[in-house]
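Structural characterization, general
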Amino acid sequence: MPPTLKTDVIISGAGPTGLALACQLVRYEVDFIIIDKAAGVTPYSKALGVHARTLEIYEQLGLAQKAVEQGTIAGKVRLLERGEVLGQVELSNIGKGLSAYPFMLVLEQSRNEQLMYDWLKEHGQDVLWQTELEGFSQDATTVTAQVKVRSAESQTIAGKYLVGCDGPHSPVRHALGLAFEGSTFERLFYVADVVIDWKFTHDALTVCLAPHGVVAFFPMPGEKRWRIVGAFPEGHEKDEHEILYEEIEAQIKKEAQLELDITRVDWFSTYKVHTRHVDKFSAGRCFVAGDAAHIHTPAGGQGMNTGIQDAYNLAWKLALVLKHSAQPQILDTYNEERLPNAKRLTATTDRMFNLAAGKDWFVGLIRTTIFPPLAKYILSIEAVRKKFFILISQIGISYRAGSLSLHEIGGNGGDDEFEVKAGDRLPYFEIDGKNIYERLHTPKFHLLMFSDGAAVGGKLKVSSDDGAGFLGGEKEANATEARYAELVDCHLIPLDPNVAGIFGTDKPFDLLLRPDNYIGFISSDMSGNSLSKYFARLFDQ
Ligand SMILES: Cc1cc2nc3c(=O)[nH]c(=O)nc-3n(C[C@H](O)[C@H](O)[C@H](O)COP(=O)(O)OP(=O)(O)OC[C@H]3O[C@@H](n4cnc5c(N)ncnc54)[C@H](O)[C@@H]3O)c2cc1C
């Protein structure tokens, strides 16, 4: 047997979740080995929707622009019933002012994976393809994994941590004995990527409402290319693998009641929809992420995006422990933050999915009679459009109740109107016409000091913007604080009326952003001392 390979983090699975984790670990200069039993990135389109939060993460890798150039922006939703257009709702700029990416991008999973894989290779890393995790054991310091290389040779990999990004049938989840409870929809669903000749323009998500469900047509990159998603009625006798494409096309035409000519079929598949999540995202030195931890209905296109964000949440915590000797307990906050999110996600996608595909006669009635006029009206209301975008784009995910969130505004004589809280993602805003996120690409904490010019926020004083030690000039500075200072970049931000409106205060304040651009600590009275206390929670017992 070849000698044992040694690393800090073993990543099992190089789908979107595993690749996203690997990219983040490169940013933090953490040593890892990523394996996958497949021969390369998926050739299948699978997930199509790339949401704003994912694009914000891609931006830090320099991939957002490339993704947007390769994809298609979903311009509108068009509702149809019995072949007649009931209405159209504009979508192209639905999240204006909420993100630098105020839209839903359509870009196949295969291309997302390729983008991340190419990035990894450009940064001197590669996946060990055709390398299958067969088993592993863990003790107080090490995880030892047995892998099979190219279906023959065995190899041992020893790491400090193991992350199972190995999909819905996750061997890591099984070996850890994590529960994966939930349910399975009875009906059989189909998906087909095709070229269609018909009268409709290629810029709208086209949804045909029918008593038994919906047939949805998603415009894909490429001329006249569409993804069609729908379901067979209940009681369909055939099993997942027995269905011929012809049966799918017949079902599409029957349900959609449209004149359409499908001239090419690139890919089709049938599947059962499951909705499940683990009871815990980790056990000992092992973690699960992405589909290994949660699977749900395709409503809202959340799966791939959620996996990428699981990885994003875990990566900086692993880096802090492995590179900066943070307390390993910080890794518990991965479960603390991502498990409630997985629970919310499965519940919300179930509700959306039930409206789209529920078998109940009453749901069918709502779908075909009450929903269409209401949807058009509701989605024309600005506040509702905003809420919808915040939900779908995943920018609204918050960890307010988490132990890494410290909020010192309001209550003690502070400003109760303050709208943004510790645990929230940093709201998007522009300074001098530039996206604030562009200043936050360094993989560090960022201290944002919002000042009206009269005083630097709170009690903090800095010698200059962007990178001057965050306690420069502060009397209380000492060696401990200097230790934390190397983890933080500082930024002075003018508290202009737009920023004041977003945060709900025109008084100076400071916030400490975690490396994943979530607010860790927010205060109108931040001092070097209080910052040190915040860091002490991460580094000292
Ligand atoms: C038809 C369809 C449409 C979808 N549409 C959307 C959508 O619009 N939006 C969205 O966000 N999501 C969508 N999804 C869901 C999305 O595809 C998944 O959520 C996503 O693939 C999860 O990524 P992952 O990396 O967690 O898991 P996977 O993509 O399943 O990757 C797991 C990887 O682990 C590897 N692996 C497994 N076992 C082992 C082992 N023992 N050793 C080594 N490697 C192993 C596999 O080879 C695989 O490469 C869709 C899925 C399908 C099937």
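Residues numbered from 1 in each chain as written. Predicted model: local features only at pLDDT ≥ 70, side-chain atom pairs only at ≥ 80, totals over all residues.

A few words now on the packing of helix α1 (residues 16-27) against helix α7 (residues 303-324). Viewed as axis vectors pointing N to C, α1 and α7 meet at an angle of 30°, and their least axial separation amounts to 8 Å. When the axes of α1 and α7 are compared, the pair comes out roughly parallel. In terms of crossing hand, the pair formed by α1 and α7 is right-handed. On α7, the residues that touch P16, T17, A20, L21, Q24 and L25 of α1 are M304, G307, I308, D310, A311, Y312, L314 and A315. A per-class count over the contact of α1 with α7 returns 10 nonpolar, three polar and one charged. (Axes fitted to C-alpha atoms, helices over the stretch in contact; angles between N-to-C directions. Helix = DSSP H or I, 4+ residues; strand = E, 2+ residues; numbered from the N terminus. Parallel < 35°, antiparallel > 145°, perpendicular 65-115°, else oblique. Left-handed = near helix turned anticlockwise from the far one by under 90°. Contact = placed C-beta atoms within 7 Å. Nonpolar A, V, L, I, M, F, W, Y, C, P; charged D, E, K, R; others polar.)

Strand order in the open sheet formed by five strands is β3-β2-β12-β19-β18, and the pairing between neighbours is mixed. Across the chains shown, the open sheet's two edge strands, defined by having one partner strand only, are β3 (32-35) and β18 (282-283). Pairing geometry for strand β12 (residues 161-164) and strand β19 (residues 286-288), over three bridges, is parallel. Within the sheet, the bridge partner assigned to G164 lies in β19 and is V288. (Pairing = 2+ DSSP bridges.)

Every other side chain in a regular strand lies on the same face of the sheet, so the side chains alternate between the two faces. Two strands pair when backbone bridges link them, and strand β9 (residues 131-138) and strand β10 (residues 143-149) are joined in this way by seven bridges, in the antiparallel orientation. If you follow E132 over to β10, its bridge partner there is K148. Hairpin connection of β9 to β10: four residues between the antiparallel strands. Relative to strand β11 (residues 153-159), β10 is paired through seven bridges, and the arrangement is antiparallel. Residue pairing in the sheet places V149 in a bridge with E153 of β11. The loop that links β10 with its antiparallel partner β11 comprises three residues; one of these, R150, has a positive phi angle of about 45°.

Let us now look at unusual backbone geometry. In this model, Q130 sits at a positive phi of 50°, which is unusual for a non-glycine residue. Relative to the helices and strands, Q130 resides in the loop between α4 (109-122) and β9. Classification of Q130 by C-beta neighbours within 10 Å gives partly exposed; the count is 16. Phi is positive for S325, which is not a glycine, with a value near 55°. In this fold, S325 is placed in the loop between α7 and α8 (332-357). Exposure remark for S325: the 10 C-beta atoms within 10 Å place this residue in the exposed category. (Buried ≥ 20, exposed ≤ 12 C-beta atoms within 10 Å, placed from the backbone.)

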